[in-house]
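Structural overview
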Amino acid sequence: MRNMSKTTKKIAECMIVVTMTGILAGCGIDQMGVAGVVTGSGSLDTQFAQPDLTDTQQAILLYEEMYASGNASADDLRTLADLYSQAGMPMNQRNILEQNYRLFDDEDSLTQLSSVTVNIKEESLAVQETASQLFTNLSTEGYLNEAVSTLNSDDWFFTMMPKLTTGCRRYYLETETGYTLCMEVGYDENGNRYSAVWLTASDGTVIHLLQTPGSVYLLRTTLVDGIYQGPFETWLCLATEGSVYHEQGFYNNGLCSGEYSCDTFLGSGTTDLLSLWWSREDFEFTSYYGLFDNYGKTTLAQPASMASGEIVYAYDGSGETYLSLQTSDDLSAGDVLFDCNIWGLKAYPAFSTYEAQTTTVLSEEASQVQIRIYDSNLQWFDGSVWHTLGAVSDYAAADPFGGSYTASVPDTTPLPSETANPSVDSGRGNGDTPEETATPEPTATPNPTATPKPTATPKPTATPKPTATPKPTATPKPTATPKPVATPAPAPVTTPAPVPVATPTPTPVATPTPTPVVTPTPTPVATPTPTPIPAPTSTPSTGDGEDIEWTPDAI
């Protein structure tokens, strides 16, 4: 979008040139061989000078048109990246180098990427917010553990290192309070993920965190002209061993010098990285002591029977056990310079700050053009109507980069190569001094009877808390992550009182209507028929058959 107005102007000028060419050709005039300069892709092979553009800007337009037409080679893209660098456009340079590697496997582009540092203000909102959160945690007293947790997350890594699965990206952030945060995120030479960050204050103090899947390494010291200088303190936690190292010493022009001490807890197996880090101060340590000359070389006597390339750099107080580093097989103690790299840390990166590029203000007509994805379709808006161009999947299928817009999140199980980072983890060693080897001379080692912590090498103080917590643009308040070793017991889930089940009203059992017992009708006792009183028998008449009326007897 930044060059849209210039590109639009260039297209208009090209149209004018083509029109004038036709007119001049019709008049029979060859205008400096202009005829035929338009290629089949529509781009110009010859650029006409534009007074308002520098030579570099005009060259950028030429190569951008070549790239847009699909005719650019790997060499062309590297040239375009160089032009972007000359024009002070690091983000454009970084993006075109990444695309060149993804399109053509161009190793030169991958090498150049490691030296490009982008102002975080030019990045996407997601990148800005992620970096801002890390800055707040690093710059706020008491939030160092939260910063370590941030660096340990997949969200952090794949937000800051998208698209590529090799190489690295580098960013920086400056604040009005004098802090500078530099971030380098990527893959080391063994393909292991790492994040390296440096937070420097206005007084030169620096916090350097280097995190891998199996280790956390913290350095506190001072920067002078980009070089570690003065007293230093480190904490190293190795999850693959469960070991913890707490070191103190002195840097002289980036090299260890003078007395050195290391409190060590040697673990016995793999443990959780964050839990080990959060509890790093709670172990019982064994103290070891070393001594370095002004050239960063150890002055300790080396045991007679040592593995090839193994260098002893510290003995315990009795001189019977030691700590060592494994180096190349052909190196001896006199060949090894103990700087930050030999310990597994990174030197402070060199980069130049610059003003973030501002977005070009578009004309009123151009600003009305909008693009969106709607219902899986790609659409553009002309100021009044949305026009559908086609399905997003169709455009993704035609993407020369394979339609992959972010690096895929790998399986959470560490790869075999991630179980140890050779530059940090496996270089550490320890052992017992062979009996035939004499205890190092007192002139070469600290006196075991006295703690040899240097009086001139005080423990560096923690980065002072700023008067007001620096708040870069849209800096969210740091989110406190619970300490892994003392994970608070989860609040008991209140078991809801069971809702009493209403006792069901028993369905009344209908009392069966008893079958009425039919009372047998009693057999009626026959009323005895009274024996009729026989009518008085009439005295037989002796008459002549006529009735004789009797009259009552007179009393």
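Residues numbered from 1 in each chain as written. Predicted model: local features only at pLDDT ≥ 70, side-chain atom pairs only at ≥ 80, totals over all residues. Heavy atoms only, no water.

Focus: helix H2 (residues 55–69)
Here H2 spans 21 Å end to end across 15 residues, near enough to the 21 Å set by a 1.5 Å rise per residue. When H2 is considered as a whole, its buried residues turn out to be Gln58, Ala59, Ile60, Leu61, Glu64 and Glu65. Gly70 sits one or two residues past H2 and shows a positive phi near 85°. (Helix = DSSP H or I, 4+ residues; strand = E, 2+ residues; numbered from the N terminus. Expected span 1.5 Å × (residues − 1). Buried < 20%, exposed > 50% of the residue type's maximum accessible area, 1.4 Å probe, protein only.)

A look at the sheet that holds strand E15 (residues 377–381)
Pairing is antiparallel in the open sheet, where three strands are placed in the order E14-E15-E16. Taken across any chain shown, the strands that pair with only one partner, and hence form the sheet edges, are strand E14 (370–374) and strand E16 (386–391). The sheet shows a mean angle of 25° between the axes of neighbouring strands, direction not considered. In this structure, E15 lies alongside E16, joined through five bridges in antiparallel fashion. (Pairing = 2+ DSSP bridges. Axes fitted to C-alpha atoms, helices over the stretch in contact; angles between N-to-C directions.)

Focus on the packing of aromatic side chains
Applying the stated criterion across every chain yields a total of 20 aromatic pairs. Where Tyr260 meets Tyr313, the ring centres are 5.9 Å apart and the plane angle is 70°; that geometry is what we call edge-to-face. On the criterion of sequence distance, the pair formed by Tyr260 in strand E10 (residues 258–265) and Tyr313 in strand E12 (residues 310–316) is long-range, its members being 53 residues apart. Judged on exposure class, the residue Tyr260 and its partner Tyr313 are both buried. Between the aromatic rings of Phe292 and Phe338, the centroid separation amounts to 5.0 Å while the plane-to-plane angle is 50°, which identifies the pairing as tilted. Placement of Phe292 in strand E11 (residues 286–292) and of Phe338 in the loop between strand E13 (321–326) and helix H10 (340–343) is noted, with a sequence separation of 46 residues between them. Sitting over the ring of Trp277, Arg280 keeps its end group 3.9 Å from the ring centre. Its guanidinium or amino end placed over the ring of Trp386, Arg372 lies 3.9 Å from that ring's centre, counting from NZ or CZ. (Phe/Tyr/Trp six-rings, centres within 6.5 Å; stacked < 30°, edge-to-face > 60°. Lys NZ or Arg CZ within 6 Å of the ring centre and 35° of its normal.)

Considering the pairing of strand E6 (residues 215–224)
Summarising burial for E6: eight of the 10 residues are buried, a large majority. The turn linking strand E5 (residues 205–212) back onto E6 is made up of two residues. As paired elements, E6 and strand E7 (residues 227–238) share nine bridges and run antiparallel to each other. Residue Ser215 lies in a different strand from E7, and its bridge partner there is Leu238. Following E6, the chain reverses through two residues before pairing antiparallel with E7; Asp225 in that reversal takes a positive phi of roughly 55°.

Side note on the packing of helix H3 (residues 74–86) against helix H4 (residues 90–104)
Closest axis-to-axis distance for the H3/H4 pair is 8 Å, and the angle between their directions is 170°. When the axes of H3 and H4 are compared, the pair comes out roughly antiparallel. Note on element contacts: H4 touches H3 through Asn92, Gln93, Ile96, Leu97, Asn100, Leu103 and Phe104, opposite Ala74, Leu77, Arg78, Leu80, Ala81, Tyr84 and Ser85. Here the residues of the contact of H3 with H4 are counted per class, giving nine nonpolar, four polar and one charged. (Parallel < 35°, antiparallel > 145°, perpendicular 65-115°, else oblique. Contact = heavy atoms within 4.5 Å. Nonpolar A, V, L, I, M, F, W, Y, C, P; charged D, E, K, R; others polar.)

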